[in-house]
Structure formats: C-alpha cells, structure tokens
Amino acid sequence: MKYSFDTICAIATPISTGGIGVIRISGENAIEIAQKIFSKKITPKVINHGWIIKDNKRIDEVIILPFVAPKSYTGEDVAEIQTHGSPVVINKILNLVLENGARLAQKGEFTKRAFLNHKIDLSQAEAVLDLINAKTVKSAQGAANNLSGVLKTKIEEIKTEITDILGKITASLDFPEDVAEISYDEIIQKIKKSIKNIEEILQNARMHNILRQGIKVAVAGRPNVGKSSLFNALLNLDRAIVTDIEGTTRDTITETVDINGISATLIDTAGIREKSADRVEKIGIEQSRLAIENADIVLCLYDGQMGLNENDLEIFNLAKNKKRLIVRTKCDLCKNSKNDNEISISSVTKEGIHQLKDTLYKEVAGLNPTENEFLTNQRHQNCLKLCLNALKNALNGAQQNELQDLISIDLKSALINLGEISGEIITDDILDSIFENFCIGK
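If you're wondering where the values come from, they're calculated on a predicted model, not measured in any experiment. (Residues numbered from 1 in each chain as written. Predicted model: local features only at pLDDT ≥ 70, side-chain atom pairs only at ≥ 80, totals over all residues. Heavy atoms only, no water.)

A.B. asks: Can you help me understand the overall build of the protein in this one?
C.D. replies: Counting secondary structure elements, the protein contains 15 helices and 12 strands. Across the 442 residues of the protein, 48% fall into the buried class. Taking the contacts inside the protein whose residues are at least 6 apart along the sequence as the reference set, 66% of them involve residues at least 24 apart. Accessible area for the protein stands at about 22,500 Å²; split by element, carbon and sulfur atoms hold 50% of it. (Helix = DSSP H or I, 4+ residues; strand = E, 2+ residues; numbered from the N terminus. Buried < 20%, exposed > 50% of the residue type's maximum accessible area, 1.4 Å probe, protein only. Contact = heavy atoms within 4.5 Å. Areas by Shrake-Rupley, 256 points an atom, 1.4 Å probe, with all protein chains shown as cover.)

A.B. asks: I'm lost on the pattern of salt bridges in this one. Help?
C.D. replies: Note that side chains of opposite charge can pair when their charged atoms are close. A complete count under the given rule lists 21 salt bridges for this structure. For glutamate 363, the salt bridge identified is with lysine 323, shortest N-O distance 4.0 Å. Of this pair, glutamate 363 sits in helix H12 (residues 353-365) while lysine 323 sits in strand E11 (residues 323-329); the two residues are 40 residues apart in sequence, bridging distant segments of the chain. By relative accessible area, lysine 323 is classed as partly exposed at 34%. (Salt bridge = Lys/Arg side-chain N within 4 Å of Asp/Glu carboxyl O.)

A.B. asks: Can you help me understand a nonpolar patch on the surface in this one?
C.D. replies: Taken together, the side chains of Leu403, Leu406 and Ile409 make up a nonpolar region of the molecular surface, amounting to roughly 300 Å² of accessible area. One can find leucine 403 in the loop between helix H13 (378-399) and helix H14 (404-422). (Patch = residues over 30% accessible without salt bridge, like charges linked within 9 Å, V, L, I, M, F, W, Y side chains within 5 Å.)

A.B. asks: Explanation requested: the sheet that holds strand E7 (residues 215-221) in the structure shown.
C.D. replies: Strand pairing in a sheet is mediated by backbone hydrogen bonds. Such pairs are either parallel or antiparallel. Read from one edge of the open sheet, six strands run E8-E9-E7-E10-E11-E12, paired in mixed fashion. A strand with exactly one partner marks an edge of an open sheet, and here the two such strands are strand E8 (253-259) and strand E12 (342-344). For this sheet the average axis-to-axis angle between neighbouring strands, irrespective of direction, equals 30°. Packed on one face of the sheet, helix H8 (residues 205-213) meets E7, strand E9 (262-268) and E11 and runs near 65° to E9. (Pairing = 2+ DSSP bridges. Axes fitted to C-alpha atoms, helices over the stretch in contact; angles between N-to-C directions.)

A.B. asks: Hey, could you run me through the pairing of strand E1 (residues 8-11) in this one?
C.D. replies: Of the two faces of E1, the one holding Ile8 and Ala10 and the one holding Cys9 and Ile11 are both buried throughout. Here four bridges tie E1 to strand E2 (residues 18-26), and the two strands are oriented antiparallel to one another. Across the sheet, alanine 10 pairs through a bridge with arginine 24, a residue of E2. Linking two consecutive strands that pair antiparallel, namely E1 and E2, is a turn of six residues. Of the strand pairs in this sheet, E1 and strand E6 (residues 103-104) are connected by two bridges, and their pairing is parallel. By the bridge assignment, cysteine 9 is partnered in E6 with leucine 104.

A.B. asks: Would you mind showing me how to read the environment of valine 22 here?
C.D. replies: On the secondary structure map, valine 22 appears in strand E2. C-alpha of valine 22 to C-alpha of isoleucine 81: the two residues are 59 residues apart in sequence and 5.6 Å apart in space. Contacts of valine 22, omitting those with residues within four sequence positions, involve Ala10, Ile11, Ala12, Thr13, Glu80, Ile81 and Gln82.

A.B. asks: What's the story with unusual backbone geometry in this structure? I'm lost.
C.D. replies: Negative phi is the rule for most residues except glycine; trans is the rule for most peptide bonds. Following alanine 69, the chain continues to proline 70 via a peptide bond in cis, the omega torsion being 5°. For proline 70, the position within the fold is in the loop between strand E4 (57-67) and strand E5 (78-85).

A.B. asks: Please clarify how the side chain of arginine 113 should be interpreted in this entry.
C.D. replies: Mapped onto the elements of the fold, arginine 113 is located in helix H3 (residues 109-116). Looking at arginine 113, its side chain comes within polar contact range of the side chain of glutamate 76, at 3.1 Å. In this structure, arginine 113 is in contact with Phe5, Asp6, Ile8, Ser26, Gly27, Thr74, Glu76 and Arg103, ignoring residues within four places of it in sequence. (Polar contact = N/O pair within 3.5 Å; in protein donor to acceptor, adjacent residues only side chain to side chain.)

A.B. asks: Got a minute to help me understand the packing of aromatic side chains in this structure?
C.D. replies: For any pair of aromatic rings, the description rests on two quantities: the centre-to-centre distance and the angle between the ring planes. Applying the stated criterion to the full structure yields one aromatic pair. The interplanar angle of 35° and the centroid separation of 5.3 Å between the aromatic rings of phenylalanine 435 and phenylalanine 438 together place this pair among those described as tilted. Sitting over the face of the ring of phenylalanine 110, arginine 24 holds its NZ or CZ atom 5.4 Å from the ring centroid. Positioned above the aromatic ring of tyrosine 73 is the side chain of lysine 442, whose terminal nitrogen or guanidinium carbon lies 4.5 Å from the ring centre. (Phe/Tyr/Trp six-rings, centres within 6.5 Å; stacked < 30°, edge-to-face > 60°. Lys NZ or Arg CZ within 6 Å of the ring centre and 35° of its normal.)

A.B. asks: What is the right way to read the confidence of the model for the protein from this model?
C.D. replies: When pLDDT is averaged across the protein, the result is 85; 89% of the residues are at 70 or more. In this model residues 239-250 is a low-confidence stretch, pLDDT under 50, and it forms 34 contacts with partners more than four residues away in sequence or in other chains. (pLDDT = per-residue confidence, 0-100.)

A.B. asks: In this structure, what is going on with H13? I would like to understand it.
C.D. replies: Note on helix geometry: an α-helix contains 3.6 residues per turn, so any two residues three or four positions apart are oriented the same way. Given a rise of 1.5 Å per residue, 22 residues ought to cover 32 Å, and the 31 Å separating the end C-alpha atoms of H13 matches this to within 8%. At the N-terminal boundary of H13, the capping side chain belongs to asparagine 377, with an oxygen 3.0 Å from the backbone nitrogen of arginine 379. Where H13 terminates, the next one or two residues include asparagine 401, which has phi positive at roughly 55°. (Expected span 1.5 Å × (residues − 1).)

Structural data, given as structure tokens:
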C-alpha cells in the first residue's frame, strides 16, 4: 500500500557556502511545483538544465532531477533542484517552492515516507541516520551494510525459522485429522537454532554501541608527566600546548580520533596535584576529576624517568572503578625497566603508541569480538532480548512436553518482537522518536 501525503520540501545540503546546494521536493505535486519556477519543460528520467525564474527574472542556473513514483527515494514523485551553493540563493529558491504550494518538511520526513511507502524497512531507515553520523570508516561500513539490508535479511531468516515451527503447530491444531502433530524433538531443535542466531547477534551488542556512539578516553596524571605530549601523539598533530613548566594545561581539551575503527573522544586533563595556590589551576584540576569520572576508559600516566610513586597511585585511584591503562611515559629517556601490566611509550619517538592504540581497542571492545557485517542499536537489542526470552519460554515448554498451543503463544510473542525491528509492528510514539533525531532535509 502506498500512502498519500501532501507535498513537502527542504534543503538537503548544509546551510553554508559550497559548490552546490540541493533542494528536495516530494509529494503528488512535486514535479508540478518545480515546473512553475523552471525555465524549460521538465522531462522525466533525464537531467533537466535551465534557470529558476521569478517574475521573468533569472535567480540561478540549476539542474532539476525528476523522479516519478514509485521509483524514488520516498516512493512519491520527487524533484531535486541542484543550485549553486550560496545560502542566499538556496533560501530564495526554497521560498519560491513554498510559495508555489509545498510546505517545509519535518525532521526525517523524507525517510519516514520512504518507510511508510515500503521503500525501506525501519532498520534501514535508522541506518540512514547512522551513516550520516558515522565517525569512523568501520561504523560507516556497518551502517551502509544495514542500509543495504544485511540486518533486515538476518532478521527475516530468524523470523522464517520461527514461522516454520509456528505454522506446523498451527496446522496440526486446526486440522488434527489431516496434519500430524510436529514432534517435540523437532520443535526443540529449531528453537535452539533461532536462540543461537539471536545470541550471536547480542554477543556483539556492546561493540555495536561503541561503534555507533564512540567512547570517552581521559588522559590523566600528575603535572608534567607527558599527558599533552601523548594527546598530540595520538592525534598526530600539535593540538595541546607542551612545555616543561608544571601546570601548563589549565583546562580540559577534547578532540576526536579514530582508534582502530572506534571513534574516541580524547580528553587532555590538567595535571592533578593536591596543593595549588593558582585559582585557575584549581578549577582545571576539578574539571580533570570530572573528566575521569565521566570517561569510559582512563589512561593513567606516570613519568618513566622518575618512576611510579605514591602521588601517581593516589591519582590512579581516582579511576579505580573505571577501565584503565597504566602508561609509562618518556621511555626513550628511561633506564629502569617497566612494571608488569603497563604500556611503555615515548611521544617523541612514537615508540609504544601503536601498542597503546591496540590495547585501548581491546580493552574497550573486549577480547576477540566476533565480527558482524551489520550494526544493532539499543532498540534492536531490546527487541532481540524480548524475542530471546519468549523463545526460551517456548523451549522450556517443549522440553516439558507442554500443550503445543501454549508453546505457540510464546512463538507468536517472539515474532511480534522481531516485527518491531523491521517496523511491521510499531507504535506512532516509537516512530516519531526515531525520526525526531533526523535532520530536516533527510
């Protein structure tokens, strides 16, 4: 079924000076509205080159791409106007489109229409947002795979397995004289297979969340132990000021870096010491404590030349409830050997930096995570957990030789939960909350 909506429009490119800007129009009157402001007859299925006109005055030389329903992103008639990338020109053309019968689109409304018109399922719609917000190549690849339907296909496979069992149970219940009852051994075997498939997906839920959301990494330690030098080395640029004067860093500095495919927000903190007469430094120290508290993992640095002392340990103790890595700095100048369970680095020679990145990745991602071609988000994971619980109830019933119509109730519940992932079964509130996170032009 194709839904019918009014005609909407929006700017689909960032509002800033650039080579081109794109205005998207979608709805029953999309091509008609574009025609009203275009200098030539718009021909479907070809690139149309001409001018946007108002009161016989030329506004901009443009290209218009018409897409006739249902062969468009939204499943409706769509016209995309490619203009020169001046914010003034783009907004002027947008106002012309609005004046001729379109209304401004809401957040994510184009993608929402694509979902409602069955061009994509809900997991693919969410992948559009993930792809736009991807911060690393690995997260972008996972989102692209979701958009291409990899997650959708996997969920469909599990649904088919469950539907097959349910269908055989239902057939024997509805037509007991014609259809033999499915054996409990077969039910148990097939439910176990579905449970295994779901558990394999959920096994990597934490990794999926990290790839989508990134992590916060605080670089902590006493003054002048090399925090800012390591910060710069990980970024591979001189972002933080580095001197041999204690207390150079007065404030927390943040930058994003790719750690083996994970987006990590590095937080360079002010050196922590108990006694400081400098009011500004005191504020910086307090911010450092907060950064440690809010971090996902803490790099605890100490000066390798001086060795590990009680002051270092007191600071490291601030991160006792966090994942943390002990890092010995200035190893190019060290004569003493490093302790066990710590990483030795030099921000000058870059020795140990690669090992630190690898160790950081393993600490955050977990040891040897199974690679998946797709990503799941928190909503998918909640649905899968509910499905898993329903399947385990069905499995327990089969193992206890319960009436098969009771087992079928749990199987139906499992299918409902899987249907929420694809959007076959969804409430308006959930739908609105998903598309509220989109930008207006998408």
